[in-house]
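Single-letter residue listing:
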Amino acid sequence: MIQNLMVENPFAHLYLLIILAPLISSIIVGLFGFAIGKRASHSLAILGVFIATICSYIVLYKVQCQNLFYNGSLYTWLTVGHQSFAVGILIDKLTSIMLVVVSSVSLMVHIYTIGYMAGEEGYQRFFSYISLFTFMMFVLVLANNFVQLFFGWEGVGLVSYLLIGFYFKRESAIFANLKAFLVNRIGDLGFLLGISLILAYCGTLNYSEVFNIVPTLANATLPGGFNLITVICILLFIGAMGKSAQFPLHVWLPDSMEGPTPISALIHAATMVTAGIFMVARLSPLYNMSHTALSVIVVLGGINCLFLGILGIIQNDIKRVVAYSTLSQLGYMAVALGCGAYSIAIFHLMTHAFFKGLLFLGAGSVIIAMHHEQDMRKMGGLAKYMPITYVTMLIGSLALAGIPPFAGFFSKDMILESAKLAYQSGLPAGWFAVFTVYASVIVTGIYSFRLIFMTFHGEERFRNSHHDHQEHSHGDHHGVTEVRESPWVVTLPLILMAIPSAIIGWIGFSSFVSNSVLADSVFNIGWYLSHIQDEAVMPVQMVIQSFSELPVYLAFAGILIAWMCHKNPAFTEKFVKAIGPVYTLLERKFYMDDLYINLFAPAGRGIGRFLWNIGDVVIIDGLAVNGSAKVVDLYSKILRKIQSGYVNSYATFMVLGVIILLTFCTRLIFN
């Protein structure tokens, strides 16, 4: 458990270096970027993240190979009564994995940004933002208490607001970052309420102390008979619904594609959207105590996994296909969490970080070659012009679709297995988990390879297409006369991301399935443990065994459907017309945006106006502030008449006072 971790650690300075290196580079580039120039700015930003990455790998080695842990406070920044709030660091196996994932992807994004953002206004500002974003994510991951977790949580939300709205002169970007900010505020309210309940009932916000106290509260209830642990877990997960874009707080993520492509890879592949998944895994001792909360997570994750994944099939913007893919894969992770297989959720988080980061960066490479055109209907036949981008994106798509032996296959297959175990063990929503994850395998194969076929195969439609520029102001172009591979600063990160996308599943499979790589950090639920401890399947066995089971054939079926639709566009058009109402429903994204814009937003404004008119104007201003002033004014007017300034009036009051005093004294004497 966390409370047994070693406090003294000769490598403690490394932990501070991981946090401070990107922060210092962000401050320098942000304040002095225009003075030192572009080259020095991106060099400093990359250096900061490179230092953090090297230190992260050292920490991984020290933790995984030498069991060198750390749990301590740096300093106390606030004391209220007997309660102290400290800035602390927790280094355990979960932290070491997350540090490597976040730092590695962030480093690749920083290098890639040199090529993608060349010639852009705000070049130095962008590097300052992404370094600051990395710092905030490190704060979140390294936290050993809920206050610091909340600080990092809000920090990544703030910087994501700045990055999504990077092109602040464009109205769509302003709308997108405001939408992300407001939707996340809803989730963060639930998150804050959950933390408040923990403080109220546990008297502390340190992870280790909370985990020691929580078992004694297993049967505690709130007014109304609601189980305390269930309410806490659901409130905390509402925060995860915002950050990790779970239904119904998912609506911000597709619109966040308004930001530059590098930040799409950073926010939506390995950092911000996985914060909620990391949080639930970190708090696994709490969630294991509430099957109700786990069932809620399974249902919401299943909706993401299947129904939001279906929306990726009809997208024509190359970045939005990958964005809806992210929503679906986050659903897979949530289902694993809800099934109590927290280590498998983290396994998929890790593999997804690399292949999804690869797909976002690959999409950016295509956008560069297409003069910033993002519509796949205006592409086609790019494979022979962009071989590196094509091969790396193909690897990413194979991993995404769960084709053996690529990384996504191992983690996704174990999620399917976890769903079956949860169903067999009686989890109320277990049947829904099984249905959604299996159906999603087909859907994933369709949208991932529809992107590959439309972009890299078939007719070269880009030669006669008209380009509406989404991200850059380069003027209008009618047809691309020349397509070439992206520069090395773009292709090198693609190659480096493609390698783990292909092999990291082999490396991590056995360790994550047995949970040895996350031991004493993440605590899988009983039904998962009782099944896994009897199995010792090796990666090679897993690959061989997969061809005798259904999921791999479902994935191939999805790819085949995508190929048939690509080769028979006339049939596809007829099919779309035949399912007209259903297609309209998908085009309108299940009317969720309409629901927010036409119902929730007006209702929120109406409640706000009511509270302002009644609460502020009538009660606070009218009664409390102005009312008290009017009472004082009334008494002052009465007293002012007594203070007339005439001697005869004062004499009269003096005589009356003497008479009253004598009368009172006389009664006392006779009584």
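Here the structure is a predicted model, which is why all the values come from computation and not from measurement.

(A) Expanded view of the environment of Ile51. Checked against the element boundaries, Ile51 lands in helix H1 (residues 12-66). Ile51 sits in the partly exposed class, given a relative accessible area of 28%. Taking C-alpha positions, Ile51 is 7.8 Å from Leu17, a pair spaced 34 residues apart along the chain. Among all residues touching Ile51, those that are not within four sequence positions of it are Leu17 and Ala21.

(B) Highlighting the confidence of the model for the chain. Scored by pLDDT, the chain comes out at a mean of 88, with 94% of its residues at no less than 70. Ignoring residues within four places in sequence, the model shows residues 3-7, a span with pLDDT below 50, making 14 contacts including any to other chains. Below a pLDDT of 50 lies the segment residues 467-478, which in the model reaches 38 contacts outside its immediate sequence neighbourhood of four places, other chains included.

(C) Up close: a nonpolar patch on the surface. On the surface, Ile388, Trp488, Leu492, Ile495, Leu496, Ile499, Ile503, Trp506, Ile507, Val540 and Ile544 cluster together into a nonpolar patch covering about 1,000 Å² of accessible area. Contributions of two or more residues to the nonpolar patch are made by helix H18 (488-514) and helix H20 (539-546). If you tally residues by element for the nonpolar patch, the top one is H18, at eight residues. Of note, Leu496 is situated in helix H18. The exposure class assigned to Leu496 is partly exposed, which follows from its relative accessible area of 37%.

(D) Geometry of the pairing of strand E2 (residues 83-91). For E2, the buried fraction is high: seven of the nine residues fall into the buried class. By the bridge criterion, nine bridges tie strand E1 (residues 70-80) to E2 in an arrangement that is antiparallel. Of the residues in E2, the one forming a bridge with Ser73 is Gly88.

(E) Here's a closer look at the pattern of salt bridges. Evaluated as defined, the whole model comprises 13 salt bridges. A salt bridge links Asp593 to Lys179; the shortest N-O distance between them is 2.9 Å. Highlighted residues: Asp593 in helix H24 (residues 592-642) and Lys179 in helix H5 (residues 171-202), separated in sequence by 414 residues. Across the pair Asp375 and Arg377 runs a salt bridge, and its minimum N-O distance is 2.9 Å. Take Arg377: its relative accessible area is 49%, and that puts it in the partly exposed class. Salt bridges here are not isolated pairs; linked through shared partners, they connect Lys179, Asp255, Arg320, Lys589 and Asp593.

(F) How the structure looks around the packing of H5 against helix H7 (residues 228-243). Where H5 meets H7, the axes come as close as 7 Å, and the angle between the chain directions of the two elements is 150 degrees. On the basis of the axis angle, H5 is roughly antiparallel to H7. Relative to H7, the crossing made by H5 is left-handed. When the residues that make up the contact of H5 with H7 are grouped by side-chain class, the tally is 13 nonpolar, six polar and three charged.

(G) Representation of H7 in the model. Here H7 is 16 residues long and its end C-alpha atoms lie 23 Å apart, about the 22 Å a rise of 1.5 Å per residue gives. Of all the 16 residues making up H7, 13 are buried; the element is thus mostly covered by neighbouring parts of the structure.

(H) Fine view of the layout of surface pockets. For the largest pocket, the calculated volume is near 1,000 Å³. Ile313, Arg450, Cys565, Thr572 and Val576 are the residues nearest the centre of the largest pocket, which is lined by 29 residues in total. Mapped by element, the contributors of at least two residues to the lining of the largest pocket are helix H17 (430-456), helix H21 (550-567), helix H22 (569-578) and helix H23 (580-587). It is H22 that contributes the most residues to the lining of the largest pocket, six residues altogether. Counted by class, the lining of the largest pocket contains 19 nonpolar, five polar and five charged residues.

(I) Region of the structure containing the packing of aromatic side chains. Applying the stated rule across the entire model yields 21 aromatic pairs. The interplanar angle of 40 degrees and the centroid separation of 6.4 Å between the aromatic rings of Trp77 and Phe85 together place this pair among those described as tilted. Judged by relative accessible area, Trp77 falls into the partly exposed class, the value being 44%. Clustering of aromatic rings is evident, with ring pairs tying together Phe409, Phe410, Trp506 and Phe509. Stacked on the ring of Tyr123, the Lys or Arg Lys38 has its end atom at 5.3 Å from the ring centre.

Each value, and the rule that gives it
- Residues numbered from 1 in each chain as written.
- Predicted model: local features only at pLDDT ≥ 70, side-chain atom pairs only at ≥ 80, totals over all residues.
- Heavy atoms only, no water.
- Helix = DSSP H or I, 4+ residues; strand = E, 2+ residues; numbered from the N terminus.
- Buried < 20%, exposed > 50% of the residue type's maximum accessible area, 1.4 Å probe, protein only.
- Contact = heavy atoms within 4.5 Å.
- pLDDT = per-residue confidence, 0-100.
- Patch = residues over 30% accessible without salt bridge, like charges linked within 9 Å, V, L, I, M, F, W, Y side chains within 5 Å.
- Areas by Shrake-Rupley, 256 points an atom, 1.4 Å probe, with all protein chains shown as cover.
- Salt bridge = Lys/Arg side-chain N within 4 Å of Asp/Glu carboxyl O.
- Pairing = 2+ DSSP bridges.
- Axes fitted to C-alpha atoms, helices over the stretch in contact; angles between N-to-C directions.
- Parallel < 35°, antiparallel > 145°, perpendicular 65-115°, else oblique.
- Left-handed = near helix turned anticlockwise from the far one by under 90°.
- Nonpolar A, V, L, I, M, F, W, Y, C, P; charged D, E, K, R; others polar.
- Expected span 1.5 Å × (residues − 1).
- 1 Å grid on protein atoms, 1.4 Å probe; cavity = no way out; pocket = protein on both sides within 12 Å on 5 of 7 lines; lining within 4 Å.
- Points joined across faces, edges and corners; volume = space filled by probe spheres on them.
- Phe/Tyr/Trp six-rings, centres within 6.5 Å; stacked < 30°, edge-to-face > 60°.
- Lys NZ or Arg CZ within 6 Å of the ring centre and 35° of its normal.

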